[in-house]
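Here is what each chain is made of, one letter per residue.
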Amino acid sequence: MNPSDLYHVGVLVFDLDAAIADFSAALNVEFEEPKTWPLDGRRSEDDGLGERTLRLSYSTSGAMRIELIEAQPDGT
């Protein structure tokens, strides 16, 4: 596979808003407004993780898309 065959790369970040600003400045790319989805974070019925929120944003410019995904408070 060649690097030019890649459509996008995903990066897990601690702070989505800060990462959008940093990646935009460093790579001269633009990002869409962050999207938010509720997720059921349980791995089993009794693990106590419950519902979580997924936040992410895709770049809208450049040769390859960058997906920034905000990490959960516990690092997952």
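Residues numbered from 1 in each chain as written. Predicted model: local features only at pLDDT ≥ 70, side-chain atom pairs only at ≥ 80, totals over all residues. Heavy atoms only, no water.

*Asks:* Just checking my understanding: could you explain the confidence of the model for the chain for this structure?
*Replies:* Reading predicted coordinates in detail is not appropriate for stretches of low pLDDT. Mean pLDDT over the chain stands at 84; residues scoring 70 or higher make up 80%. Per-element confidence in the chain is highest for helix α1 (residues 16–27), whose mean pLDDT is 96, and lowest for strand β2 (residues 35–40), whose mean pLDDT is 84. (pLDDT = per-residue confidence, 0-100. Helix = DSSP H or I, 4+ residues; strand = E, 2+ residues; numbered from the N terminus.)

*Asks:* Would you explain the side chain of S59 in this entry?
*Replies:* The residue S59 is located in the loop between β3 (51–58) and β4 (65–70) in this model. With a relative accessible area of 3%, S59 lands in the buried category. Separated by 2.8 Å, the side chain of S59 and the backbone nitrogen of I66 make a polar contact. (Buried < 20%, exposed > 50% of the residue type's maximum accessible area, 1.4 Å probe, protein only. Polar contact = N/O pair within 3.5 Å; in protein donor to acceptor, adjacent residues only side chain to side chain.)

*Asks:* It is not clear to me how α1 should be interpreted in this structure. Could you clarify?
*Replies:* Residues spaced three or four apart along an α-helix point in a common direction, a consequence of the helix completing one turn every 3.6 residues. Compared with an ideal rise of 1.5 Å per residue, which puts 12 residues at 16 Å, α1 spans 16 Å between its outermost C-alpha atoms and is within 8% of the ideal. Looking only at α1, the buried set comprises L16, A19 and I20. The buried residues of α1 occupy one face: seen down the axis, they fall within an arc of 105 degrees. When the buried face of α1 is taken as reference, the exposed residues oriented beyond 90 degrees from it are D22, A25 and A26. Each element contacted by the buried residues of α1 is listed here: β1 (8–13), β3 and β4. Measuring from the backbone nitrogen of D17 back to the side-chain oxygen at the start of α1 gives 3.1 Å, which picks out D15 as the cap. Positive phi appears at N28, one or two residues downstream of α1, with a value of about 55 degrees. (Expected span 1.5 Å × (residues − 1). Arc of directions from axis to C-beta. Contact = heavy atoms within 4.5 Å.)

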